[in-house]
Amino acid sequence: MTTLDETHDPLRTSWVDSANGHPDFPIQNLPLGVFQRGDDAAIGCAIGDQILDLAAIAPLLDPAWQRALSQPTLNSWLARTPADERALRRRLSGLLSDPAHRASLEPHLVAQSAVTMHLPVQIGDFTDFYVGIHHATNVGRQFRPDQPLMPNYKYVPIGYHGRASSVRVSGHPVIRPSGQRKPPEATEPTYSPSRRLDYELELGLWIGRGNALGSPVPIAEAGGHIAGYCLLNDWSARDLQAWEYQPLGPFLAKNFLTSVSPWIISADALLPFRKPMPPRPAGDPAPLPYLDDPADREQGALGISLIVTISTEAMRTAGLPLHILSNGEASAAMYWSAAQIVAHHSSNGCNLSPGDLIGTGTLSTADATGQGSLLEISQGGKAPITLPSGEQRSFLEDGDELTLTGWCEASGAVRIGFGSCSGRVVPSR
Ligand code: MN
């Protein structure tokens, strides 16, 4: 675990005025992403409400970085070492805080509102875990009231291989999927649009350096393979899922779309917000040695506040404010840490590659205020919620727009945020 440096100094400010006091992107954050610049995609760094074009300022950076930072994706950059990532962060922090650089850099700022964002990487593989223990318990209870968690849950970080081709950046429309559904009262399934479309509030991990096939990542080194984090919405069709998932797990209920926020919030930026992993309840087994690391126990949790809001067509027409569906802190919900996820994923020799995406699984708080899916909030559809418009919802209707936001606060640190991850449901095609 590395330590804080001048880039985390709460007193450091930027000559980019909008950065100072910005809820997401003050100079202490400096996330990387990919934006549309003319006919090309280019790597940039968010600062306030602006983006600094890193390809354009490459002459001011280490020549060894120029090639990787001039690509249309961040894969080459993420393949480099954590020391490089930290050195770039220090360089950008210096350039954006020292007014002496203002004249040369200001021409290479573009307003975030003026450009579209892309996926930050070409994603090779996407894996989704299930480490949100309250979600696993809430959902398990609907099917197995006496034994919500399967016997393996406290030994194995459960995951499944997802689909990389349908991961999209925030803003991409959510086309209601069709598929095989068989309501309990029906004798035969039909192929028709999903009626139980849901969201899943998750964090995404972006893999930096990879590992060779056959070479597991030891847990003490796992942090060096995580480049950063994003917000992730694992859109889910519960009716398709209920009919298809046994015996091999999620398939078409999940792979029609996954949305991510555009900025990679670096592990370095999140350092001031790390926390001890919540103590395991009395009676829980200790992690097997390959999943146990004292430093991870001390600092493996992330103090990230997460909010999910919904607006419907009627709410927008009436000018009603967004309605909060979930509000809570993710760190309290993860039974397994990010390092444990990476160590477990590679523990059989499976190779992870730069730009791979790993979802944590749905993150729900222990109480009802921060449940990360409508499956939990509406108790499987039995308890619809009423929105400020008077409309009721058990699951998502066409026109509904979901937005995930996340941020970190801690004493002695400047607040940083993830930006947002949105999607609006459009009718089935
Ligand atoms: Mn999921």
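Residues numbered from 1 in each chain as written. Predicted model: local features only at pLDDT ≥ 70, side-chain atom pairs only at ≥ 80, totals over all residues. Heavy atoms only, no water.

Next up on the list: the sheet that holds strand S4 (residues 109-111). Sheet architecture is open: five strands sit in the order S4-S3-S2-S1-S5, paired in antiparallel fashion. Since the sheet does not close on itself, it has two edges, and those belong to S4 and strand S5 (117-118), each with one partner. With three bridges joining them, strand S3 (residues 50-53) and S4 adopt antiparallel strand pairing. By the bridge assignment for S4, Leu52 is matched with Leu109. (Pairing = 2+ DSSP bridges. Helix = DSSP H or I, 4+ residues; strand = E, 2+ residues; numbered from the N terminus.)

The next subject is the pattern of salt bridges. When the charged atoms of two side chains with opposite charge come close together, those side chains can pair. Per the counting criterion, the structure on display carries 20 salt bridges. With its nearest N and O atoms 2.9 Å apart, the salt bridge here joins Asp284 to Lys154. Taken together, the residues Asp284 in the loop between strand S18 (274-275) and helix H7 (294-299) and Lys154 in the loop between helix H5 (133-143) and strand S7 (159-161) connect sequence positions 130 residues apart. With a shortest N-O distance of 2.9 Å, Glu200 and Arg238 are connected by a salt bridge. Highlighted residues: Glu200 in the loop between strand S12 (197-198) and strand S13 (201-207) and Arg238 in helix H6 (residues 238-244), separated in sequence by 38 residues. Overlapping salt bridges, with partners in common, bring together Asp198, Glu200, Asp234, Arg238 and Lys254 in one network. (Salt bridge = Lys/Arg side-chain N within 4 Å of Asp/Glu carboxyl O.)

Another point: the coordination of the manganese ion. Coordination of the manganese ion by the protein is provided by Asp128 (OD), Glu200 (OE), Glu202 (OE) and Asp234 (OD), with metal-donor distances spanning 2.1 to 2.2 Å. All donor residues of the manganese ion come from one chain, and their arrangement in sequence is D-x71-E-x1-E-x31-D. Separated by 72 residues along the polypeptide, Asp128 in strand S6 (residues 126-129) and Glu200 in the loop between S12 and S13 bring together distant segments of the chain. We classify Asp128 as buried; its relative accessible area is 1%. (Donors = N, O, S within 2.8 Å, 3.2 Å for Na, K, Ca; no water. Buried < 20%, exposed > 50% of the residue type's maximum accessible area, 1.4 Å probe, protein only.)

This part is about unusual backbone geometry. Here the bond from Gln246 into Pro247 is cis, since omega is 5°, no more than 30 degrees from zero. Tracing the backbone through its elements, the reader meets Pro247 in the loop between H6 and strand S16 (258-260). In this model, Leu30 sits at a positive phi of 55°, which is unusual for a non-glycine residue. The topology assignment puts Leu30 in the segment before strand S1 (32-37).

What follows is about the packing of aromatic side chains. Applying the stated criterion across every chain, the model contains five aromatic pairs. Relative to Tyr153, the ring of Tyr130 lies with its centre 6.2 Å away and its plane at 80°, an arrangement referred to as edge-to-face. One end of the pair, Tyr130, is in the loop between S6 and H5; the other, Tyr153, is in the loop between H5 and S7, and 23 residues separate them in sequence. The class of Tyr130 is partly exposed, set by a relative accessible area of 30%. When the centroid spacing of 6.0 Å and the interplanar angle of 45° are considered together, the rings of Tyr153 and Tyr335 count as tilted. Within this pair, whereas Tyr153 is found in the loop between H5 and S7, its partner Tyr335 is found in the loop between strand S21 (323-329) and helix H9 (338-345), the two being separated by 182 residues in sequence. Through a chain of ring-to-ring contacts, the aromatic side chains of Tyr130, Tyr153, Tyr335 and Trp336 assemble into a single cluster. (Phe/Tyr/Trp six-rings, centres within 6.5 Å; stacked < 30°, edge-to-face > 60°.)

A few words on the sheet that holds strand S26 (residues 416-426). Taken in spatial order, the five strands line up as S9-S26-S25-S20-S21 in an open sheet, and their pairing is mixed. Where the open sheet ends on each side, the last strands, each with one partner, are strand S9 (174-175) and S21. Relative to strand S25 (residues 401-408), strand S20 (residues 305-311) is paired through seven bridges, and the arrangement is antiparallel. The partner of Ser311 across the bridge, within S25, is Glu401.

Nonpolar side chains tend toward joint burial in soluble globular proteins. With 69 residues, the main nonpolar core has Tyr199, Leu325 and Phe418 as its most contacted residues. It is H9 that provides the largest number of residues to this core, a total of five residues. The residue makeup of this core includes at least three contributed by each of domain 1 (6-118) and domain 2 (126-426). Leu32, Cys45, Leu105 and Trp206 belong to the second largest nonpolar core, which has 38 residues in total. (Core = buried A, V, L, I, M, F, W, Y, C linked by side-chain atoms within 4.5 Å. Domains from an automatic or database assignment.)

Let us look at the domain arrangement of the protein chain. Parsing the protein chain into structural domains produces domain 1 (6-118) and domain 2 (126-426). Once you take the C-alpha centre of each, domain 1 and domain 2 turn out to be 28 Å apart. Counting each side, the surface lost to burial between domain 1 and domain 2 is near 2,100 Å², with a carbon and sulfur contribution of 63%. Linking domain 1 with domain 2 are one salt bridge, by the criterion used here. Across the pair Arg86 and Asp268 runs a salt bridge, and its minimum N-O distance is 3.2 Å. For the interface between domain 1 and domain 2, the tally reads eight residue pairs in polar contact (both at pLDDT 80 or more). Secondary-structure elements contributing two or more residues to the side of domain 1 that touches domain 2 are S1, strand S2 (40-47), helix H2 (75-78), helix H3 (82-97) and S5. If you tally residues by element for the side of domain 1 that touches domain 2, the top one is H3, at four residues. In terms of residue class, the side of domain 1 that touches domain 2 is built from 14 nonpolar, 10 polar and five charged. (Buried area = accessible area lost by both parts, 1.4 Å probe. Polar contact = N/O pair within 3.5 Å; in protein donor to acceptor, adjacent residues only side chain to side chain. Nonpolar A, V, L, I, M, F, W, Y, C, P; charged D, E, K, R; others polar.)

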